[in-house]
Amino acid sequence: MVETRIHLVRHGEVHNPDYLRYGRLPGFRLSDRGRAQAEAAARRLCRADAIISSPLERAVETAEIIARTTGGAIRLDDRLIEARSEFDGLRKTAFLAPRYWRLLRDPMRPSWGEPYAEVAMRMRVAIELARQAHSGGSVVLVSHQSPIWIARRSYESAAPPWLRRMRCSPASITTLVFVGARFDRDEYWHPTSEA
């Protein structure tokens, strides 16, 4: 049975001086530190049979940095985009204001944005297509914190993703290892000490 490695790379740190929840908003690019983090991730990856990215600027910029090291063209896939949220464009502490509490009524779905099940489904489709197209190889999918975490948790258990501490720092690499079509294990690396 062949082993296929799908590397889910979170984009690097974003330049965000106003501390907004940028979500799907355009115009958010990597900070200097974010570019250094992406370079560390690229060195860690060394090679890739394919690089597929979310269409958001910060993900594409991260993918471009990785492509310079690993080689290959970048393809965009809307399935890798950030989860939709009603808090996009607001300050990160906006949920504390009483006028937004109505959005917090159901954390299991969640009520403030795209349901976890939908995020998991679209991410798993992107992962499966990459696995099938590059069986026995190594593919980089550049995405965002929530979709990566939700996808990873969907392979491990049915527990809602918010019930455990999130492990997905900027420019981290969450590797899903498949043996044939079967998910075998995940591995995690982050560049904090290197960037």
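Further up the page is the structure itself.
Source: prediction; values computed, not measured. (Residues numbered from 1 in each chain as written. Predicted model: local features only at pLDDT ≥ 70, side-chain atom pairs only at ≥ 80, totals over all residues. Heavy atoms only, no water.)

*Asks:* A description of the layout of surface pockets should follow, citing residues and the corresponding values.
*Replies:* Approximately 710 Å³ is the volume found for the largest pocket. Forming the walls of the largest pocket are 29 residues, and the residues nearest its centre are Arg21, Glu82, Gln145, Ser146 and Met166. When residues of the lining of the largest pocket are traced back to their parent elements, those giving at least two are helix H3 (116-133) and helix H4 (145-156). The element that contributes the greatest number of residues to the lining of the largest pocket is H4, accounting for 4 residues. Tallied by class, residues from the lining of the largest pocket come to 15 nonpolar, 7 polar and 7 charged. (1 Å grid on protein atoms, 1.4 Å probe; cavity = no way out; pocket = protein on both sides within 12 Å on 5 of 7 lines; lining within 4 Å. Points joined across faces, edges and corners; volume = space filled by probe spheres on them. Helix = DSSP H or I, 4+ residues; strand = E, 2+ residues; numbered from the N terminus. Nonpolar A, V, L, I, M, F, W, Y, C, P; charged D, E, K, R; others polar.)

*Asks:* Explain a nonpolar patch on the surface to me, and be specific about the residues and the numbers.
*Replies:* Residues Phe95, Leu96, Trp101 and Leu104 make up a contiguous nonpolar surface patch of roughly 400 Å² in combined accessible area. Along the chain, the position of phenylalanine 95 falls in the loop between strand S3 (74-76) and H3. Among the residues examined, phenylalanine 95 registers a relative accessible area of 37% and is labelled partly exposed. (Patch = residues over 30% accessible without salt bridge, like charges linked within 9 Å, V, L, I, M, F, W, Y side chains within 5 Å. Areas by Shrake-Rupley, 256 points an atom, 1.4 Å probe, with all protein chains shown as cover. Salt bridge = Lys/Arg side-chain N within 4 Å of Asp/Glu carboxyl O. Buried < 20%, exposed > 50% of the residue type's maximum accessible area, 1.4 Å probe, protein only.)

*Asks:* Account for the pattern of salt bridges, with residues named and values stated.
*Replies:* Applying the stated criterion across every chain, the model contains 18 salt bridges. When the shortest N-O distance is used, the salt bridge between arginine 33 and glutamate 13 registers 3.5 Å. One end of the pair, arginine 33, is in helix H1 (residues 32-45); the other, glutamate 13, is in the loop between strand S1 (3-10) and H1, and 20 residues separate them in sequence. Here aspartate 77 makes a salt bridge to arginine 79, at a shortest N to O gap of 3.1 Å. If you follow the salt bridges from partner to partner, you end up with Glu3, Arg5, Arg182, Asp184, Arg185 and Glu187 in one network.

*Asks:* Break down the side chain of serine 143 for me, with residues and values.
*Replies:* Its place among the elements puts serine 143 in strand S4 (residues 138-143). The class of serine 143 is buried, set by a relative accessible area of 0%. Here leucine 80 takes part through its backbone oxygen, which lies 2.6 Å from a polar atom of the side chain of serine 143. Residues contacting serine 143, with those up to four places away along its chain left out, are Val9, Arg10, His11, Ser54, Leu80, Met123 and Ile148. (Polar contact = N/O pair within 3.5 Å; in protein donor to acceptor, adjacent residues only side chain to side chain. Contact = heavy atoms within 4.5 Å.)

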